[in-house]
Amino acid sequence: QVQLGESGGGVVQAGGSLRLACTTSRGFSFYGLGWIRQAPGKEREFVAAISWSGGPTYYGDSVKGRFTISRDNYKNTMYLQMNNLKPEDTAVYYCAAHRTTYQTPRGLDDFGSWGQGTQVTVSS
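Everything numeric in this text was worked out from a predicted model, so none of it was measured.

Student: Let's hear about the state of the cysteines: which residues, and what values?
Tutor: Tallied over the full model, the rule gives one disulfide. One disulfide in the model links Cys-22 with Cys-95; its S-S distance is 2.2 Å. Given an S-S torsion of about 65 degrees, the disulfide between Cys-22 and Cys-95 has right-handed geometry. Taken together, the positions of Cys-22 in strand S3 (residues 18–24) and Cys-95 in strand S9 (residues 91–101) put the pair 73 residues apart, joining distant regions of the chain. Here the two residues Cys-22 and Cys-95 agree in accessibility, since each one is buried.

Student: Can you explain the nonpolar core? Please cite residues and give values.
Tutor: Counting residues in hydrophobic clusters, the biggest one holds 27 residues, and the most contacted among them are Trp-35, Leu-80, Met-82 and Tyr-93. At the level of elements, S3, strand S4 (31–38), strand S5 (45–50), strand S7 (67–72), strand S8 (77–82), S9 and strand S11 (118–123) are the ones that each hand at least two residues to this core. Residue contributions to this core peak at four residues, all from S9. Those residues in contact with Tyr-93 that sit more than four places away from it in its chain are Glu-6, Leu-20, Trp-35, Ile-36, Arg-37, Val-47, Phe-67, Leu-80, Met-82, Gly-117, Thr-118 and Val-120.

Student: Can you lay out the packing of aromatic side chains for me, pointing to particular residues and giving the numbers?
Tutor: Under the definition given, this model contains four aromatic pairs. Ring geometry for Phe-30 versus Tyr-102: centroids 5.8 Å apart, planes at 65 degrees, classification edge-to-face. Taken as a pair, Phe-30 in the loop between S3 and S4 and Tyr-102 in the loop between S9 and strand S10 (111–114) lie far apart in primary sequence, 72 residues in all. On the basis of an interplanar angle of 90 degrees and a centroid distance of 5.0 Å, the ring pair of Trp-52 and Tyr-102 is categorised as edge-to-face. Of the two residues, Trp-52 is situated in the loop between S5 and strand S6 (57–59) and Tyr-102 in the loop between S9 and S10; the sequence distance between them amounts to 50 residues. You can call Tyr-102 partly exposed: its relative accessible area is 44%. Clustering of aromatic rings is evident, with ring pairs tying together Phe-30, Trp-52 and Tyr-102. Cation over ring: Arg-71 sits above Phe-28, and NZ or CZ is 4.4 Å from the ring centre.

So, how was this worked out
- Residues numbered from 1 in each chain as written.
- Predicted model: local features only at pLDDT ≥ 70, side-chain atom pairs only at ≥ 80, totals over all residues.
- Heavy atoms only, no water.
- Disulfide = S-S within 2.5 Å.
- Helix = DSSP H or I, 4+ residues; strand = E, 2+ residues; numbered from the N terminus.
- Buried < 20%, exposed > 50% of the residue type's maximum accessible area, 1.4 Å probe, protein only.
- Core = buried A, V, L, I, M, F, W, Y, C linked by side-chain atoms within 4.5 Å.
- Contact = heavy atoms within 4.5 Å.
- Phe/Tyr/Trp six-rings, centres within 6.5 Å; stacked < 30°, edge-to-face > 60°.
- Lys NZ or Arg CZ within 6 Å of the ring centre and 35° of its normal.

By themselves, these observations are geometric and do not establish any function.
Next up, the structure:
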């Protein structure tokens, strides 16, 4: 099972940027990965996903055009570049891996391994 850990969260003003990183255990390069977030009192929300090869990427409607997902398999790391942040982006952000190798996650049910999460707070 893939193990994951997030970093890079923090407090930023609206309109600012943050970059989250997700480091993974051995075997990382065989899994499609993604980011999910959960705001207080709300359900988990799909943010973005990337294929195992770094090719196809997918985004939730609320972050399209502002967030970019990428990965570096040599460094066993995935990234989420977040630009033009809004207060409604405030949430705990989790990185996660698909349940099956070589598959790209497209929804919350596709994820089988999760990190512990990192807090992102956007002030107005």
